[in-house]
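Below are the chains, spelled out letter by letter.
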Amino acid sequence: MGEIRPVEPLLSERQFQIFKDQVIKALTRKWLRTKDLPNYLSMADSTIRENLPGLPFHIVGDIKLYDPNEIDDYIKSLN
């Protein structure tokens, strides 16, 4: 049997804290599904697809999710 050695940490304390903060931020964020966009943007689904083709989204599993803050920032950047 080989020698038992302690496992070296893969992340520094600072890196782990940044990672932890990002995970918490992602989990507590209010996400929108594609079906929620027409109500959030006050426009028809076809209008959204036609006029906002670059709308930022995230894929989790096979679900397309949208962050309202990213949507707002994207629309502001169009002007």
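Everything below is about the structure printed above this text.
Residues numbered from 1 in each chain as written. Predicted model: local features only at pLDDT ≥ 70, side-chain atom pairs only at ≥ 80, totals over all residues. Heavy atoms only, no water.

> I would appreciate a short explanation of the side chain of D67 in the present structure.
Mapped onto the secondary structure, D67 falls in the loop between β3 (63-66) and α4 (68-78). When its relative accessible area of 3% is taken as the criterion, D67 is described as buried. Within the structure, the side chain of D67 is placed 3.2 Å from the side chain of R29, a separation counted as a polar contact. Of the polar contacts made by the side chain of D67, one reaches the backbone nitrogen of N69; its length is 2.9 Å. (Helix = DSSP H or I, 4+ residues; strand = E, 2+ residues; numbered from the N terminus. Buried < 20%, exposed > 50% of the residue type's maximum accessible area, 1.4 Å probe, protein only. Polar contact = N/O pair within 3.5 Å; in protein donor to acceptor, adjacent residues only side chain to side chain.)

> When you look at a nonpolar patch on the surface in this model, what are you seeing that I'm missing?
Side chains of L10, L11, F16, F19, V23 and L27 sit close together on the surface and give an oily, nonpolar patch of about 660 Å² of accessible area. Along the chain, L10 falls in the segment before α1 (13-28). (Patch = residues over 30% accessible without salt bridge, like charges linked within 9 Å, V, L, I, M, F, W, Y side chains within 5 Å. Areas by Shrake-Rupley, 256 points an atom, 1.4 Å probe, with all protein chains shown as cover. Salt bridge = Lys/Arg side-chain N within 4 Å of Asp/Glu carboxyl O.)

> Looking at this structure, I do not really get the pairing of β3. What am I missing?
On a regular strand, one side chain projects to one face of the sheet and the next to the other, so that they alternate. Direction of pairing for strand β1 (residues 32-33) relative to β3: antiparallel, over a ladder of 2 bridges. The residue bridging R33 from the neighbouring strand is L65, located in β3. Bridge count between strand β2 (residues 58-60) and β3: 3 bridges; the pairing is antiparallel. Bridge pairing in β3 places H58 opposite L65. Two successive antiparallel strands, β2 and β3, enclose a turn made up of 2 residues, where G61 displays a positive phi of approximately 65 degrees. (Pairing = 2+ DSSP bridges.)

> Just checking my understanding: could you explain the pattern of salt bridges for this structure?
When their charged atoms lie close together, side chains carrying opposite charge are able to pair. In this structure the tally under the stated criterion is 2 salt bridges. Across the pair D67 and R29 runs a salt bridge, and its minimum N-O distance is 3.2 Å. Here R29 lies in the loop between α1 and β1 and D67 lies in the loop between β3 and α4, a separation of 38 residues in the sequence.

> Which parts of the structure should I look at to understand the nonpolar core?
Looking at soluble globular proteins, one finds that nonpolar side chains tend to be buried together. In this structure, L32, L37, L41, I48, L52, L55, Y66, I71 and Y74 together form the largest nonpolar core, which totals 9 residues. Looking at this core, the elements with two or more residues in it are α2 (37-41) and α4. Ignoring sequence-local partners within four residues, the contact set of L55 consists of L37, L41, I48, Y66, I71 and Y74. (Core = buried A, V, L, I, M, F, W, Y, C linked by side-chain atoms within 4.5 Å. Contact = heavy atoms within 4.5 Å.)

> Which parts of the structure should I look at to understand the sheet that holds β2?
Pairing between the strands of a sheet comes from backbone hydrogen bonds, and it takes one of two forms, parallel or antiparallel. Read from one edge to the other, the open sheet built from 3 strands follows the order β1-β3-β2, with strand pairing classed as antiparallel. Two strands bound the open sheet, and with one partner strand each, they are β1 and β2.

> Looking at this model, I keep getting lost on α4. Mind explaining?
Buried residues of α4: P68, I71 and Y74, and no others. Looking straight down α4, one finds its buried side chains confined to an arc of 125 degrees; they lie on one side. Relative to its buried face, α4 has exposed residues pointing more than 90 degrees away, namely N69, K76 and S77. On its buried face, α4 sits against β1, α2 and β3. Measuring from the side-chain oxygen of the N-cap residue of α4 to the backbone nitrogen of N69 gives 2.9 Å; that N-cap residue is D67. (Arc of directions from axis to C-beta.)

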